[in-house]
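Residue strings, one per chain:
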Amino acid sequence: MAVTAKMVKELREMTGAGMMDCKKALTATDGDMDKAVEFLREKGLATAQKKAGRIAAEGIVMLKVAQDGKKAVAVEVNAETDFVAKNEKFQTYVSQVAEQALNTEAADVDAFLEEAWTFGESATVKEELAHQIATIGENMNIRRFAQVKEDNGFVASYTHMGGKIGVLVDVETDVVNDAVKEMAKNVAMQIAALKPQYTNRSEVSEDYIAHEKEILMAQIMNDPKESQKPEKVIQGMINGRINKELKEICLLDQVYVKAEDGKQTVEKYVAEVAKANSAKITVKGFVRYETGEGLEKKEENFAEEVAKQMGM
């Protein structure tokens, strides 16, 4: 059967695959559209394997919040380039991943990948990922996800720079109104901007404190002037520096970025809003994802890449 341009166009619209791939698929399957789709899917799985070694450090963090506000999820899906990360097809796919992750019972990404895919024809989440890799043409990776649930309050969310950073905040409260919601969003923005590692000091392990004290002691002992000070003074210096560090890494101890006096902590800000609204409010925890955090990014010369593609 002769393969027409109309058939190629139709198959391309159905699968999102490249024009030449669609033509090859139709030729190989004698123009059978269903078989051509399967041909491309099979080829897509093989193509995904070839691309799996390429670094995917760009992408997007997508947040989904349940209608009642009591459950939310943050998902990071990576691609190789920022161009693809901004692509509508990629963002639609990530939105579907987040929607499924909102309701998953999987404990980790490996288990999540083996789940049945809720959208479309792929059997599993892993197969759909492979299909998207073949369709979009870049290596992609569902890197991580985290659910936050709060039955006695709500989960606040904040997305920065179109998905570069995503934050969820677990807020336990007996009053949910506009003022409390605004407070929660402000706290989420604080987390996005100042990147705390812990919610409060109780989460900081004794091992971490001990390790930091060892480093500070070594610094003092290597300083001829500081090392000559009395032991009591040295311990006071170490405790002071530890306290300063904890104020930077613990959310509730941080100075609230919108504080008019430049001194009010996040904890005092939350307490102020609670008092004004006759509420009991506790910020129990948070999730902060930043796209590509900790991943090595691929450095490429664009001109060289174009020349390579053109066979120059």
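In what follows, the structure referred to is the one given above.
Analysis parameters
Residues numbered from 1 in each chain as written. Predicted model: local features only at pLDDT ≥ 70, side-chain atom pairs only at ≥ 80, totals over all residues. Heavy atoms only, no water. Helix = DSSP H or I, 4+ residues; strand = E, 2+ residues; numbered from the N terminus. Buried < 20%, exposed > 50% of the residue type's maximum accessible area, 1.4 Å probe, protein only. Salt bridge = Lys/Arg side-chain N within 4 Å of Asp/Glu carboxyl O. Arc of directions from axis to C-beta. Contact = heavy atoms within 4.5 Å. Pairing = 2+ DSSP bridges. Axes fitted to C-alpha atoms, helices over the stretch in contact; angles between N-to-C directions.

Asks: Could you give an account of unusual backbone geometry, with specific residues and numbers?
Replies: The backbone phi angle of Met161 is positive, close to 55°, even though this residue is not glycine. Inspection of the secondary structure assignment puts Met161 in the loop between β4 (153–160) and β5 (165–173). The exposed category is assigned to Met161, whose relative accessible area is 62%. Its identity as a non-glycine residue notwithstanding, Lys195 has a phi of 50°, on the positive side.

Asks: Could you give me a rundown of the pattern of salt bridges, with the residues and numbers involved?
Replies: Per the stated rule, a full pass over the model turns up 13 salt bridges. As a salt-bridge pair, Lys64 and Glu99 come within 3.7 Å of each other at their nearest N and O atoms. Taken together, the residues Lys64 in strand β1 (residues 58–65) and Glu99 in helix α5 (residues 88–103) connect sequence positions 35 residues apart. The closest approach of N and O atoms between Glu76 and Arg143, which form a salt bridge, is 3.3 Å. Separated by 67 residues along the polypeptide, Glu76 in strand β2 (residues 71–79) and Arg143 in strand β3 (residues 141–149) bring together distant segments of the chain. Among the charged side chains, a salt-bridge network with shared partners connects Glu76, Arg143, Arg144, Lys195, Arg288, Glu290 and Glu293.

Asks: Mind laying out helix α11 (residues 266–276), listing which residues take part and the relevant values?
Replies: All of the buried residues in α11 are Val266, Tyr269, Val270, Val273 and Ala274. The buried side chains of α11 occupy one side of the element, clustering within an arc of 135° when seen end-on. In α11, the exposed positions that point more than 90 degrees away from the buried face belong to Lys268, Lys275 and Ala276. Contact partners of the buried residues in α11: α8 (178–194) and β6 (281–290). A positive phi of about 50° marks Ser278, the residue just after α11.

Asks: Account for the sheet that holds β2, with residues named and values stated.
Replies: Read across the sheet, three strands follow the order β1-β2-β3 without closing on themselves; strand pairing throughout is antiparallel. Of all the strands in the sheet, just β1 and β3 have a single pairing partner and so form its edges. Taking the axes of each pair of neighbouring strands and ignoring which way they run, one obtains an average angle of 15° across the sheet. Pairing geometry for β1 and β2, over eight bridges, is antiparallel. Counted as the bridge partner of Glu58 is Ala79 from β2. Of the strands in this sheet, β1, β2 and β3 touch α5, which is tilted by about 140° from β2.

Asks: Hey, could you go over the side chain of Gln254 for me, with residue numbers and the actual values?
Replies: Assignment of secondary structure puts Gln254 in the loop between α10 (231–249) and α11. Non-local contacts of Gln254, meaning those with residues more than four positions away in its chain, are made with Gln190, Leu194, Pro196, Lys247, Glu248, Gln264, Thr265 and Val266.

Asks: Tell me about the sheet that holds β5, and name the residues and values.
Replies: One open sheet accounts for three strands, arranged β4-β5-β6; its pairing is antiparallel. Either end of the sheet is taken by a strand with one partner, and the two such strands are β4 and β6. Averaged over all pairs of adjacent strands, the angle between their axes in this sheet comes to 15°, without regard to strand direction. Summarising the sheet, β5 and β6 pair through nine bridges and their orientation is antiparallel. Bridging across to β6, Val169 finds its partner in Phe286. Contacts from α8 reach β4, β5 and β6, with the element oriented near 140° to β5.

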